[in-house]
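Here are the chains, one letter per residue:
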Amino acid sequence: MFFLILTLSSVALSESMSTSCMCSKILLPVCGSDGKTYNNKCLMECAGVSLAYDGECSSKTGCACPLHINPVCGTDQKTYDNECLLNCTGYLKAHNGECETQKVCACPFILLPVCGKDGKTYDNECLMNCQSVEKEHDGECKKAELFAPVEPVCMCNSMYFPVCGSDGVTYANECLMHCHKAEFVNEGPCESTPAPSCHCPHIYNPVCGADNVTYDNTCLMACNNVKEGYPGACKS
């Protein structure tokens, strides 16, 4: 009888210990496979949940993605658990599998700018060599003087998950927003925008809107708050 009580006490103690984890208060958010954001990986594992991906869980509406793990690397150099989660951001797939981690180089904190052949300015030659870039010349890279603004070439897909940028412009997705160097304000169109001003991909895939107007693609149609009539140019 005494042995049985001792055994039950040991089980209760082990269960109590498993539910109280000694985790630090470091804030390194991770998204668990249960769709919840945890302050760090330790707290997530303490809850018996596996890792979905680093960072906070996406709150995007319209992105119902499976929880299976099939890593892909996006053009933003972030690893996503599956291609569906990547598509929700608007970024394109760089390759299957996890992204390669950046090199960690022991370089001095010396400011001797050099211009690399990739057109980027590095604080010193060591940091440039660390990225396997050849030197173009000493000093900062010279910025080309342009007489008119040039639309950036964005490696983004045509998914329409509108977001509002800090420049007051509604973008078709988060990738296009970052490409135009705007910060995230909120999901959905900008409320203060009096007229539709959307940055949509330059893709010609005509669609006929419910207003009987032909739009170059679904993004431009949705930007004008028009529902789709049918694919292709309007028959009129």
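For the structure, see preceding data.
Described in the following lines is the structure provided in the data block. Numbers given for residues are sequential positions, taken from 1 along each chain in its written order. At least 70 in pLDDT is required for a residue's local features to be given in this predicted model, at least 80 for side-chain atom pairs to be given and counted, and no such filter applies to totals for whole chains, interfaces and linings, which use all residues. Based on all heavy atoms of the structure, the side-chain values leave hydrogens and waters out of the count.

### Quick notes on the sheet that holds strand E12 (residues 184-187)
By way of backbone hydrogen bonds, the strands of a sheet pair with one another, either parallel or antiparallel. In plain terms, the rule: We call two strands paired when DSSP finds no fewer than two bridges between them. Helix numbers and strand numbers start at the N terminus; a helix is a DSSP run of H or I with at least 4 residues, a strand a run of E with at least 2.
The four strands lie next to each other as E12-E10-E11-E13, forming an open sheet whose pairing is mixed. In the strand order of this sheet, the two ends are held by E12 and strand E13 (198-199), each with one partner.

### Examining the environment of Thr 37
Here Thr 37 lies in strand E2 (residues 37-38). Spatially, the C-alpha atom of Thr 37 lies 9.9 Å from that of Ala 52, the residues being 15 residues apart in sequence.

### Here's the deal with the sheet that holds strand E9 (residues 135-138)
Taken in spatial order, the three strands line up as E8-E7-E9 in an open sheet, and their pairing is antiparallel. For this open sheet the edge positions go to strand E8 (121-122) and E9, each flanked by a neighbour on one side alone. Here strand E7 (residues 114-116) runs beside E9; their pairing, made up of three bridges, is antiparallel. Each bridged residue has a counterpart across the sheet, and for Cys 115 the counterpart in E9 is His 137.

### Let's talk about the nonpolar core
Inclusion rule: For our purposes a nonpolar core is just a set of buried Ala, Val, Leu, Ile, Met, Phe, Trp, Tyr and Cys residues, chained together by side-chain atoms within 4.5 Å. Each residue's exposure class comes from its accessible area (1.4 Å probe, protein chains only) as a fraction of the maximum for that residue type: buried when under 20%, exposed when over 50%, partly exposed otherwise. Should any heavy atoms of two residues lie within 4.5 Å, those residues are counted as being in contact.
The biggest cluster of nonpolar side chains holds 26 residues, and the ones touching the most others in it are Tyr 53, Tyr 80, Tyr 171 and Leu 176. Breaking this core down by element, the ones donating at least two residues are strand E3 (51-54), helix H3 (83-89), helix H5 (174-179) and helix H6 (218-223). Residue contacts for Tyr 171: discarding those within four places in its chain leaves Phe 161, Pro 162, Val 163, Gly 165, Leu 176, Met 177, His 180, Ala 182 and His 199.

### Concerning the pattern of salt bridges
Note the following rule: Salt bridge, as used here: a side-chain nitrogen of Lys or Arg that lies within 4 Å of a carboxyl oxygen of Asp or Glu.
Applying the stated criterion across every chain, the model contains four salt bridges. A salt bridge links Lys 117 to Glu 134; the nearest nitrogen and oxygen atoms lie 3.3 Å apart. Of this pair, Lys 117 sits in the loop between E7 and E8 while Glu 134 is found in the loop between helix H4 (125-130) and E9, placing the two residues 17 residues apart along the sequence. Of the two residues examined, Lys 117 and Glu 134, each falls in the exposed class. One salt bridge in this structure joins Glu 125 and Lys 135, with 3.6 Å as the shortest N-O distance.

### Overview of the side chain of Asn 217
Our working rule: Identification of polar contacts relies on pairs of N or O atoms within 3.5 Å, with a donor-acceptor requirement for protein atoms, meaning one able to donate a hydrogen and the other able to accept it, and with residues adjacent in sequence counted only if both atoms are side-chain atoms.
When you line up the elements, Asn 217 lands in the loop between strand E15 (214-215) and H6. A distance of 3.0 Å separates a polar atom in the side chain of Asn 217 from the backbone nitrogen of Leu 220. If sequence neighbours within four positions are ignored, Asn 217 has contacts with Cys 200, Pro 201, Ile 203, Asn 205 and Val 207.

### Considering the packing of aromatic side chains
Which entries qualify depends on this criterion: Here a pair means two rings of Phe, Tyr or Trp (six-membered ring of Trp) with centres within 6.5 Å. Their orientation is stacked below 30 degrees between planes, edge-to-face above 60, and tilted elsewhere. Counted as over-ring charges are cases with an Arg CZ or a Lys NZ within 6 Å of the ring centre that also lie within 35 degrees of the ring normal.
Within the structure shown, the criterion is met by zero aromatic pairs. Here Lys 235 stacks its cationic end above the ring of Tyr 230, 5.9 Å away from the centre of that ring.

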